[in-house]
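The residues making up each chain are set out below.
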Amino acid sequence: MSILDLPPTPTDADPVILPGFSTGLGITPRRVPRWIKDPDLIASIEAGLIDIDDDLMGDPA
């Protein structure tokens, strides 16, 4: 499948950037759950060495 296989976007649609895409490009920082306190683990998550499942992220507030 390529981008050419996707249906056209309506001209009045708002632009959408998927969070995982912008994070993967380094545009936005990776989210780290508030319950993780170990600085080495936080650094590994922020560097993209460890992925945290969205179910474990908790409340985004």
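Worth saying up front: this structure is predicted, and the values here are computed from it rather than measured. Throughout this document, residue positions are counted from 1 along each chain, in the order its sequence is written. Side-chain atom pairs in this predicted model are given and counted only at pLDDT of 80 or more, local residue features only at pLDDT of at least 70, and totals for whole chains, interfaces and linings cover all residues. By convention in this description, side-chain values take in all heavy atoms of the structure and omit both hydrogens and water.

Could you clarify how one ought to interpret a nonpolar patch on the surface in this entry?
Two joining distances apply to patches: 9 Å for like charges and 5 Å for nonpolar side chains (Val, Leu, Ile, Met, Phe, Trp, Tyr), and every residue must have over 30% relative accessible area and no salt bridge. Under the convention used here, a 1.4 Å probe and the Shrake-Rupley method define accessible areas, while residue burial counts only the protein chains that appear. Put simply, a salt bridge is a Lys or Arg side-chain nitrogen that is within 4 Å of an Asp or Glu carboxyl oxygen. On the surface, a nonpolar cluster with roughly 580 Å² of combined accessible area is contributed by Val16, Leu18, Phe21, Leu25 and Ile27. Think of it this way: any DSSP run of H or I at least four residues long counts as a helix, any run of E at least two long counts as a strand, and we number them from the N terminus. Mapped onto the elements of the fold, Leu18 is located in the segment before helix 1 (19-24). Buried, partly exposed and exposed residues are distinguished by accessible area as a fraction of the type maximum, computed with a 1.4 Å probe on protein chains only: under 20%, between the cut-offs, and over 50%, respectively. Look at Leu18 and you get exposed, because its relative accessible area is 55%.

What am I meant to see in the environment of Ile50 here?
Mapped onto the elements, Ile50 comes out in the segment after helix 2 (39-47). Contact partners of Ile50, with chain neighbours within four places excluded, come to Leu41, Ser44 and Ile45. We call two residues in contact whenever any of their non-hydrogen atoms come within 4.5 Å of each other.

Just geometry here; none of it tells us what the structure is for.
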